[in-house]
Every structure is written in structure tokens, then in C-alpha cells.
Amino acid sequence: MLLRTLAYSFGEGIGRGVLKSNNIEGNDLRALKEALDAFFKSIPEYDSVLSGDKLVTTSKCPVHMLYKRWCDQGCEALLQGFCSAVNEDIKVRRVEKAPESEVCRFEFTLQAT
């Protein structure tokens, strides 16, 4: 629980910083894509695709090799915190995870209020 809480808070702070330092405006998936692309540009084979009402990110993330516990408990929480900096109604879900898959893949959706 503590790791998830810290990861969420850390992600929210990073998200706010990325939005501000890159002058990203908006509270939709397009703004989130722009912010995530700016933040993750140095991650190996990172890609993001916005299609309709879903944003999907894919990468060959090395975190599971460095700190498996963070990968298991912190990555999704960090991204949810990052999303909250853009819009509290954007939700994230991990759909693939290394090392079980060759990539880590997350889906982001804007929930109707």
C-alpha cells in the first residue's frame, strides 16, 4: 500500500512538472499523450497511439529487471498519478507486462463523468 501511495504521488508530481515545463494544455487524452511522449522519450522502443477514445503506450521497459517490486506495485500507480495531473477522470490499466511479455503495454481511457 505504501509503495502504491508513494508511486501515485510521485507520478502526479512528475505529471504536473512535465505539463508545465512543456507548456502542455488541455485535459484530454491528446494532452496526456503529449505529456507521456515528452516524459518517456528516452525509454527504449517507447510508442504511443491515440485512437478514438483510447491511448495505448508500449515500451521495452527495463524496470522489471532493476526493481521487480516497483514494476509489480508501482508502475501502474505512478501512471495513474501522472494521469491525475492531466484529468482525474483518465484511468490507466496495464494490459501486458514484461517479462511475461516482450513489452509493457498500458491503456488509458477518459471515463465519462
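Residues numbered from 1 in each chain as written. Predicted model: local features only at pLDDT ≥ 70, side-chain atom pairs only at ≥ 80, totals over all residues. Heavy atoms only, no water.

(A) Representation of the nonpolar core. Membership of the largest hydrophobic core comes to 30 residues, with the highest contact counts inside it found for Leu32, Leu36, Leu79, Phe82, Ile90, Phe106 and Phe108. Top element by residues in this core is helix H5 (residues 75-86). It accounts for eight residues. Leave out the neighbours within four places in its chain, and Leu36 touches Tyr46, Leu55, Thr57, Leu79, Phe82 and Phe108. (Core = buried A, V, L, I, M, F, W, Y, C linked by side-chain atoms within 4.5 Å. Buried < 20%, exposed > 50% of the residue type's maximum accessible area, 1.4 Å probe, protein only. Helix = DSSP H or I, 4+ residues; strand = E, 2+ residues; numbered from the N terminus. Contact = heavy atoms within 4.5 Å.)

(B) Just the packing of helix H2 (residues 29-39) against H5, in detail. H5 packs onto H2 with a crossing angle of 130 degrees between their chain directions and a minimal axis gap of 10 Å. Viewed along their axes, H2 and H5 adopt a mutual orientation that is oblique. Our pair here, H2 against H5, has a crossing hand that is right-handed. Contacts between H2 and H5 pair Ala31, Leu32, Ala35, Leu36 and Phe39 from the former with Leu79, Phe82, Cys83 and Val86 from the latter. The residue inventory of the contact of H2 with H5, partitioned by class, reads nine nonpolar, no polar and no charged. (Axes fitted to C-alpha atoms, helices over the stretch in contact; angles between N-to-C directions. Parallel < 35°, antiparallel > 145°, perpendicular 65-115°, else oblique. Left-handed = near helix turned anticlockwise from the far one by under 90°. Nonpolar A, V, L, I, M, F, W, Y, C, P; charged D, E, K, R; others polar.)

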